[in-house]
Amino acid sequence: GWPNYKVYEFDLRDGKIGGMIYEGGYITSIRYDSYSGYLFILDRGTGSGDGKLVIYDTEKKRIVEEIGEEKLGYPPYSIDIAAFD
């Protein structure tokens, strides 16, 4: 079967792992944009067209949006996110 990846909060100040913020199929990339405070997660899914781009708000600690690969126009593993301030 396909792997099951999980993304957890991690505090760089004290090195402690917090709660799980996302669980998906095969996560190919994670980027943080310090300007917006969003974490962008590219999830390939199971490879059967169920991949998505997940946008997580680190301030509100919630997923803002999940954009499926059909709406993206590309599978998430074929794009990259440039996040910078």
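Here goes a summary of the coordinates provided. Source: prediction; values computed, not measured.

**Thoughts on unusual backbone geometry**
- In the Ramachandran plot, Lys61 falls in the positive-phi region, its phi being about 55° despite a non-glycine side chain.
- Summarising the element assignment, Lys61 is placed in the loop between strand E5 (52-57) and strand E6 (62-68).

**So, the pairing of E5**
- The element E5 is largely enclosed, with a buried count of five among its six residues.
- Pairing of strand E4 (residues 38-43) with E5, which is carried by six bridges, proceeds in the antiparallel orientation. Looking at E5, one finds that Leu42 is bridged to Leu53.
- Here E5 pairs with E6 via six bridges, running antiparallel.

**Section: the environment of Gly37**
- Among the structural elements, Gly37 can be located in the loop between strand E3 (27-33) and E4.
- Distance from Gly37 to Tyr56, taken between C-alpha atoms, is 8.5 Å for residues 19 residues apart in sequence.
- Excluding anything up to four places from it in sequence, Gly37 contacts Tyr32, Tyr56, Asp57, Thr58 and Glu59.

**Re the pattern of salt bridges**
- For the coordinates displayed, the defined rule picks out three salt bridges.
- Here Glu9 and Lys61 are joined by a salt bridge, their closest N and O atoms 3.3 Å apart. Here Lys61 lies in the loop between E5 and E6 and Glu9 lies in strand E1 (residues 5-10), a separation of 52 residues in the sequence.
- Note that Asp11 is salt-bridged to Arg13, the shortest N-O span being 3.2 Å.
- Under the relative-accessibility criterion, Asp11 is labelled partly exposed at 22%.

**Overview of the sheet that holds E6**
- Sheet architecture is open: four strands sit in the order E3-E4-E5-E6, paired in antiparallel fashion. Two strands close off the open sheet at either side, each with one partner strand: E3 and E6. Each adjacent strand pair in this sheet contributes to an overall mean axis angle of 15°, direction not counted.

**Some points on the environment of Ile55**
- Structurally, the position occupied by Ile55 is in strand E5.
- By relative accessible area, which is 11% here, Ile55 ends up buried.
- Between the alpha carbons of Ile55 and Leu39 there is a distance of 5.8 Å; along the sequence they are 16 residues apart.
- Not counting the four nearest positions on each side in its chain, Ile55 is found in contact with Tyr38, Leu39, Phe40, Arg62, Ile63, Val64, Glu65 and Ile67.

**Thoughts on the nonpolar core**
- Counting eight residues, the largest nonpolar core is built from Val7, Ile21, Tyr22, Ile27, Leu39, Ile41, Val54 and Tyr56.
- At the level of elements, strand E2 (17-24), E4 and E5 are the ones that each hand at least two residues to this core.
- When sequence neighbours within four positions are dropped, the list of residues in contact with Tyr22 reads Tyr5, Lys6, Val7, Ile27, Ile41, Asp43, Lys52, Val54 and Ile63.
- Membership of the second largest hydrophobic core comes to six residues, among which are Phe40, Ile55, Ile67 and Ile81.

Cut-off values and rules
Numbering of residues starts from 1 in each chain and follows the order in which that chain's sequence is written. Only residues with pLDDT of at least 70 are given local features in this predicted model, and only at 80 or more are side-chain atom pairs given and counted; all residues enter the totals for whole chains, interfaces and linings. Hydrogens and waters are ignored; side-chain quantities use all the structure's heavy atoms. Secondary structure elements are taken from DSSP: a helix is a run of H or I of four residues or more, a strand is a run of E of two residues or more, and numbering for both begins at the N terminus. The buried label goes to any residue with under 20% of its type's maximum accessible area, the exposed label to any with over 50%, and the partly exposed label to all in between, with areas taken from a 1.4 Å probe on protein chains only. Whether two strands pair comes down to DSSP finding at least two bridges between them. Note on contacts: a residue pair is in contact if any heavy atoms of the two residues lie within 4.5 Å. In what follows, salt bridge is the name for a side-chain nitrogen of Lys or Arg lying within 4 Å of a carboxyl oxygen of Asp or Glu. As a rule, the C-alpha atoms of each element are fitted with a line to give its axis, helices using only the stretch in contact, and angles between N-to-C directions run from 0 to 180 degrees. Note on terminology: a nonpolar core comprises buried Ala, Val, Leu, Ile, Met, Phe, Trp, Tyr and Cys residues joined through side-chain atoms within 4.5 Å.

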